[in-house]
Each structure stands twice: as structure tokens, then as C-alpha cells.
Amino acid sequence: MSKNIPDFVRLEGKQSSMVLAFNRGAPQVIYWGKKLSAATNNDMLTTLRIRQEVPASPTREAKRSLTTTTGEGFSGNPGLKLFGDASQWAVAPTIVDVQQDDSTSVTIHNLDKTREIKVIHRVRIDFESDVIVLSSEVVNLGDADINLEWCTAATLPVPEYTNQILGFEGHWAGEFHEQHVEQFFGSYLRENRRGRTSHDAFPGLIITSKTCDQQQGDAYGFHLGWSGNHRLLSEKMADGRAFVQMGELLLPGEVTLHTNDSYHSPKLYASFSSKGLSALSQQYHRYVRKNLLKYNAAEKLRPVHYNTWEGIYFDHDVDTLKDLADRAAQLGVERFVLDDGWFIGRHNDKAGLGDWYVDESIYPQGLTPVIEHVNDLGMEFGLWFEPEMVNPDSNLFREHPDWILSTPPNEDVGFRNQLVLDLTRQEVFDYLYERLDCLLSENNIAYIKWDMNRDINQPGDQYFKPAVHRQTKALYALLDAVKKAHPNVEIESCSSGGARADYGVLERTDRVWTSDSNDALERLKIQKGFSYFFPSELMGSHVGPRDCHITHRNLTMSMRASVVLFGHMGMEMDLRELTDEEKVELKAMVDLYKQHRALIHSGDMVRLSLPDYAMGTGVVSADKNEALFSYSLIRSHTSGLPDQIRFSGLDPHKIYKLHVVWPIRSGDFWPKSSISNFETNLPKIDGQCFSGEALMQLGKQLPRLVPNSSLIYHLLEQA
Ligand code: GLA
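Cut-offs applied
- Residue numbering note: each chain is counted from 1, following its sequence as written.
- Reporting in this predicted model follows two pLDDT cut-offs: at least 70 for local features of residues, and 80 or more for side-chain atom pairs to be given and counted; totals over whole chains, interfaces and linings ignore these cut-offs and use all residues.
- Processing note: side-chain calculations cover all non-hydrogen atoms of the structure and skip hydrogens and water entirely.
- Throughout this document, a residue counts as near a molecule or strand when at least one of its heavy atoms sits within 4 Å of that molecule or strand.
- Polar contacts, as counted here, are pairs of nitrogen or oxygen atoms within 3.5 Å of one another; within protein the pair requires one atom able to donate a hydrogen and one able to accept it, and residues that are adjacent in sequence qualify only if both atoms are side-chain atoms.
- Here, a strand pair is defined by DSSP locating no fewer than two bridges between the strands.
- For the purposes of this entry, the term helix denotes a DSSP run of H or I that reaches at least four residues, the term strand denotes a run of E that reaches at least two, and both are numbered from the N terminus.
- Fitting a line to C-alpha atoms yields each axis, with helices limited to the stretch in contact; the angle taken between N-to-C directions then spans 0 to 180 degrees.
- Both cavities and pockets are sets of points on a 1 Å grid over the protein atoms alone; in a cavity a 1.4 Å probe fits but cannot get out, in a pocket the set is open with protein on both sides within 12 Å along at least five of seven lines, and lining residues sit with an atom within 4 Å of a point.
- Grid points are joined across faces, edges and corners, and a volume is the space filled by probe spheres set on the points.
- Note on residue classes: Ala, Val, Leu, Ile, Met, Phe, Trp, Tyr, Cys and Pro are nonpolar, Asp, Glu, Lys and Arg are charged, and everything else, Gly too, is polar.
- As annotated, the domain borders come from an automatic or database domain assignment.
- Expected helix span is taken as 1.5 Å per residue step, with the number of steps being one fewer than the number of residues.
- Remark: exposure states derive from per-residue accessible area (1.4 Å probe, protein chains only) relative to the maximum for the residue type, with buried under 20%, exposed over 50%, and partly exposed in between.
- Two residues qualify as a contact provided that any one of their heavy atoms is within 4.5 Å of a heavy atom in the partner residue.
- Here's the idea: put two parts together, see how much 1.4 Å probe accessible area each one loses, and the total over both is what we call buried area.
- A pairing counts as a salt bridge when a side-chain nitrogen of Lys or Arg comes within 4 Å of a carboxyl oxygen of Asp or Glu.

### Comments concerning the site of the ligand
Thinking step 1. Taken together, 13 residues surround the ligand, and among them Asp339, Asp340, Arg416, Lys449 and Asp516 come closest.
Thinking step 2. In the model, an oxygen atom of the ligand is placed 3.0 Å from a nitrogen or oxygen of the Trp384 side chain.
Thinking step 3. For the ligand, an oxygen atom lies 2.9 Å from a polar atom in the side chain of Arg416.

Given below as C-alpha cells:
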């Protein structure tokens, strides 16, 4: 190849390698997996891949390049679909330049001279985390317009033995549910047309070997950092080759490239682990902590939240809020978040969205008295917004009925009484920026809960063109502008719970509201799913009301509080209803969280592989000197005696002192609501020392627990 173009580039992570070959015209990943040593040269990899010709097949294997194309004869899903007035549909760019700044990144320029189309691939590996960030850019160098239908961020091969797909499904109040599917010939395809990241098609996939579990085996992870429409595809071709593609789902006519216009795909975050699913998640967590989060655990501890939503809903009143703030402060809360209902006309969810002015009939002196009261109690103040939306019953809509996305004359499908503002119009963007900037400048607001409560499912702009792509970019620009003007204000990404959780929005936000469900049992599943790609400090997790408002399940405070420890803790209920006993337990969890949050928000998270009647998770410090583990029993044990809990991620040779730190107890007595009546084994084990290998290989005999209860263990190395 020409002197600018090497035959191969090898990108090295701490534990993985990716080898790209450039010697066949278009860039191909010829190896991606466990780290290769110097014993392997790149020619060996090519030679080992030589195939024979088989009947009824092409004589030459069509390339599975970063951008697969029909023009090159690839019969699987193309990585690029576009059309113009001539043969652009058969685009087949080849490498014209490769730029490698260092051993961690490479930019590959490809050109189709005939069709005057350029494709640029950017690939970068983060050495410490082994996360590879890939994206594609398409440039129209011709005179005629090109309509873009699909541009994958990359096409990444996965080996044939990794034939298990772990995807995510869900719904409102039930996000991030694991979905296990065996790979089949054809495509596993998830398409999201909701205009937001969505509850039901989280843009993440993990492909594993059959023997992979939380602690062992090969796992390939994929996440698309994008908050609009998306398409995820895991395909196995009839010749046995398998690959994954992820990119933005573009609506017909949504992206037209005029001369010299470019389209940039969202970023695909890919990572390989040979040590199972927990290790894969740790890699993603490391990446997020180092590259996306503004604060790490040591720089700013994540404050305990109180959120007003499930406490008072729209029933705002200054005296009530002051009373709730007093009670919250007594429980150790550090940030008081005023949810929906503070702006004019917002007495229920039928009116007011868009009118971002404080309702003076409720707050005659503005928000200042409440904020000052909260600040005087030593707490920060946070405020709820839903900037992208408008109620038809609002002054904003009455003045500007044309400021919305819609598909006239089609009837609006109806969605929580609200419509989507067209952020691609400069005047809409400017209005929202002015309102946010003004409220943040005039009030001491440390935190925004940025909500978004409907799909953008009829996304036509003023020119009748589909606008999800541009709307998503405009949202990012609005968030960036607010952050730039108010760099110390933290922003939570909320979308009817967890419908906007992705690395695209996380480049400009600081926390995710994981789900509207505060039901502890539902939360165990939701939070487990969330933990595959997001570290615990991002996971908004609140102790909810005694009777869950969504499932009506009644759970003890001990159980409800236990599930928030491994997230960013908060509480969300009417604090006036707490019994004295509940207050003591809730305060104990606040104290436990404060004591351990630096560890929880910086350590390595492990999910335990347990029978389906139980859930377990843990966090181990980087030096393996300290750890916390929780075990929750959801249904009765299937055997007479409960199981051994085998810990994970510890140093086998270290000696750890074990303490049971939850539920709280008086002396040696554990509460009967959690531990069954028989004398338990806990006093005999609590405070004893054990080796890491004994805790991991034999494990600890559990006490007989009552279903819907949790135990939390603390382990500290004894030097
Ligand atoms: C959404 C959020 C909730 C709450 C309400 C307010 O449903 O997910 O937490 O803020 O909106 O209307």
C-alpha cells in the first residue's frame, strides 16, 4: 500500500487488542478480543483467516469492513444506505489516507471517486478501560444531493462462538430489563422511533459465549451514545460470519447532504472482556468515570436528595415545603429538589408546560423564601424543568401555536396532554435558554431535574420535514449552552424515569433518574440492568413511600432503604407520614450511605450470579481492601436451608473482617421483619475474620431470611 497507508494498525487496551487491516481497500477489523502479545504478528492473523471457496458462493469473500456496502457485494446489512440521482446507492469507498496520532487512535479516510463520496472512520481505544469509541462521517463531494438512509457508526465482527445476545427491553416504571436471546441466522434488530432514548429499546447490547456469566467468559459490549432514534443490529450471515451495527435511525428524507455537507454518526462504545459480565461493566464504568463525568467521587460527594414528587405531587404550598425541608434536614438530606408544579398554571399535568415563570399565587415572593429556608438548613436547592414540552393550555402555546413538531393534517396521537416544542427553530431555542438562564441567575439553584415526558412520535418541523436528528442536536446545544453559562449547576437526565439514559446525554448531564418506580423489588431488576453500562453514582435511587404509588406493594422501610445504597441515594415520600421507627431506619441508611459513598462511587461493581429468587451485588475498592455486598431475597428459598453467598472480586490472599451492616439491630437482635424467628447464625459470624479465597470459594452460609428483605455486609482488610 502507499506510504501513508500501513497494512495494519493494532490498537492496544490494557486487556484487549483490536487489529485493523487496510490491505484490501476498505478497513476491516481482523481481530478483536483478548490482548495479543508480541508473539503474534498481524500477517499471522490474516493467514489464519484464509477461507476456501464453497459451492454456490462468491469466489471472493465480500469484505466485512467498518462500513459494509452493497456496492462491494456484501450480502449482509449494509453499513451505509444512501441514494442520489445516479449510482450513489452502489457507493464503495476505499482507503486514501490513514492518520495515526498515537497507538490509541486512528482516523481512516475512504473515497469513492466515481460517486464523489467520502467516508471517514474514527477509532480510539481508551487504554485504561478497554472501551473503543467508533464513529463514521459521510461527506458528499458531488454536485447532486444525496439522501442518507443509514450510516452505522461501525460494523464490528464478533466470533462465531459468541452466540448469546443480552439485550434490554422495558416500559415506563420497568426499564432496563435483561432480554436473553440465542443468536440465529438473520438479524436481531431493535429499532427505536420514539424520538428519545426510550424505555423499551435501551441502546445497548452484549454478545457472549454460552458459558459466560457475571464472573467469567468472553463478552463483547456495545452502546450507542445517542438520545434520539436508533437502530441496533446483531446479524449472523448464512456463511456463519456475525457482526454488530449501531447507528441513528433516520426517517425518510431526514438527512439530505448537499455539496460538501457532512453527516456524523453518533459514537459507538464497544468493549471486550474475557472475565465475564461484571468485568465488562467495570470497564464501561471506568470509561464513564474518566471521560464523561464532571466530578469524580472524591472531588464531590454525591449529596443525599429529597424529591417532592411522590410526597406532595402538585400540592405546592410554601409552609408545607418549609416543613418538609425541616424534616428532610433532620434525616440528613443534603439537597432538596422541588419537582413539577412550581410554575404558572401548573396545578395538574394538563396545563402550564412552557410557561417557565414562578407561580406567584403559590409563591408570592418567588422561590427565594423556600430556597433560603433550604439553604439555611445546610441543603442545596434543585428545581424541576421540562423545557422541550408545551401544554396546549399554556400562554406559550396560545401565543405561538406554530412552535411545535407535528404532522398536519394528521391528528396528534395525544401524550400526557403535551406537545413537543420545535427546538430547531431559533426563536424556540432562544426563549427556552432565556427562561432557564434567568431562573438560574436569579435564584440559588444548584441542580436541575431536566425531564422529558412524551415521545417525539410525530416529528414534523415547520417545513414538514422529519426533525428528530436536528431536534436531538438542538437539545444537546441547549444543554451545552446552559452548562456553559452555569457550569456549577448539575443536571439530571430524566424522561418519565429512565427513558433518556445514554452516553450522548451524559456528555452534558450528571445523574440519571433511573425509573419512576420506587418499588424496591422492581428497582432490584431495573438497577441491575442499568448497572451494565452506568456506574452507581449516576443511578438516581430513592426510598419511596410505604405503599408504592405505582405497584401498591407494601414493603418494610428496611427493604426499601436497602436498595438505594448502591446508587446515588435519595428519598421521595411525604415525610410527615413516617413513623418513629421508620425515621430511625431511614436515618441509619442515610448515615450508612454517607459513610460508604466514596467507596461505592469509585469501586468496582460486581453482580453476583444467584438463583432467580435472590439478587446480589457488591462493590470492591480498587486496592481490594474494602468491600460492600448486598443480598436480597425476593421469594422463598427453594431448599430448607438457605444458600451460601459467595463473594466476588476480593483479593484471595487478604484477610477481611466481616460485619453485617444492614438491617439495623439492637445489640445481637436482628429485626423479626427481616430475619426469621429462629436463632440466626449472624452473631457467630459478625465481626469475624476470613480470607478472601474462603469468602469467594466457599462463601458464607446465609441466615434464614424473610422474603422481601436484604442483608448488607461490609468487609475490611485486616493488615
Ligand atoms: C416524570 C418524572 C417524575 C416526575 C414527573 C413530574 O414522570 O419521571 O419523576 O418528575 O414527571 O410531572
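Here the narrative resumes, following the displayed structure.
### With respect to the sheet that holds strand E30 (residues 604–607)
Thinking step 1. Strand order in the open sheet formed by six strands is E30-E31-E32-E37-E34-E35, and the pairing between neighbours is antiparallel. Of all strands in the sheet, those bounded by a partner on one side alone are E30 and strand E35 (689–691). Neighbour-to-neighbour, the strand axes of this sheet turn through a mean angle of 25 degrees, independent of strand direction.
Thinking step 2. Relative to strand E32 (residues 626–633), strand E31 (residues 614–620) runs antiparallel, the two sharing seven bridges.

### Side note on the layout of surface pockets
Thinking step 1. In this structure, the largest pocket spans a volume of roughly 1200 Å³.
Thinking step 2. If you go around the largest pocket, you meet 43 residues; those closest to its centre are Arg49, Arg51, Glu61, Arg64 and Arg241.
Thinking step 3. Residue assignment for the lining of the largest pocket shows that the elements contributing at least two residues are strand E3 (28–34), helix H1 (42–48) and strand E9 (146–158).
Thinking step 4. The element contributing the most residues to the lining of the largest pocket is E3, with six residues.
Thinking step 5. Residue composition of the lining of the largest pocket, by class: 20 nonpolar, ten polar and 13 charged.
Thinking step 6. Considering only enclosed or pocket space, the second largest pocket measures out at about 610 Å³ in volume.
Thinking step 7. Along the wall of the second largest pocket there are 28 residues; nearest its centre are Ala279, Gln282, Arg286, Asp604 and Lys624.
Thinking step 8. Of all elements in the fold, only helix H2 (276–292) and E30 reach the threshold of two or more residues within the lining of the second largest pocket.
Thinking step 9. The element best represented in the lining of the second largest pocket is H2, accounting for eight residues.
Thinking step 10. For the lining of the second largest pocket, the class distribution of residues is eight nonpolar, 13 polar and seven charged.
Thinking step 11. The two domains that each donate at least three residues to the lining of the second largest pocket are domain 1 (8–292) and domain 2 (606–717).

### Observations concerning H2
Thinking step 1. For H2, which comprises 17 residues, the first-to-last C-alpha distance of 24 Å matches the rise-based estimate of 24 Å (1.5 Å per residue) to within 8%.
Thinking step 2. With 14 of 17 residues buried, H2 lies mostly within the body of the structure.

### Focus on the domain arrangement of the protein
Many descriptions give the size of an interface as the accessible area lost when the pieces come together.
Thinking step 1. Taken domain by domain, the protein consists of domain 1 (8–292) and domain 2 (606–717).
Thinking step 2. Here domain 1 and domain 2 have C-alpha centroids that lie 41 Å from each other.
Thinking step 3. Facing seven residues of domain 1, the contacting portion of domain 2 comprises five residues.
Thinking step 4. At the boundary of domain 1 with domain 2, total buried surface from both sides reaches about 470 Å², with 30% on carbon and sulfur atoms.
Thinking step 5. Counting the surface domain 1 buries against domain 2, the share from its top three residues, Gln214, Gln215 and Ser278, is 68%.
Thinking step 6. Along the contact surface separating domain 1 from domain 2 lie zero salt bridges.
Thinking step 7. Between domain 1 and domain 2 we count seven residue pairs in polar contact (both at pLDDT 80 or more) in total.

### Topic: unusual backbone geometry
Thinking step 1. Residue Pro409 is reached from Pro408 by a cis peptide bond, and omega for that bond is 5 degrees.
Thinking step 2. Its place among the elements puts Pro409 in the loop between helix H6 (395–399) and strand E24 (419–420).
Thinking step 3. Each neighbour pair has its own omega, and for Trp662 with Pro663 the value is 0 degrees, a cis peptide bond.
Thinking step 4. Although it is not a glycine, Ala56 adopts a positive phi angle of roughly 55 degrees.
Thinking step 5. Mapping Ala56 onto the fold places it in the loop between H1 and strand E4 (80–83).
Thinking step 6. When its relative accessible area of 88% is taken as the criterion, Ala56 is described as exposed.
Thinking step 7. A positive phi angle, close to 60 degrees, is found at Asn417, a residue other than glycine.
Thinking step 8. Position of Asn417 among the secondary structure elements: in the loop between H6 and E24.
Thinking step 9. Since its relative accessible area comes to 36%, Asn417 is described here as partly exposed.

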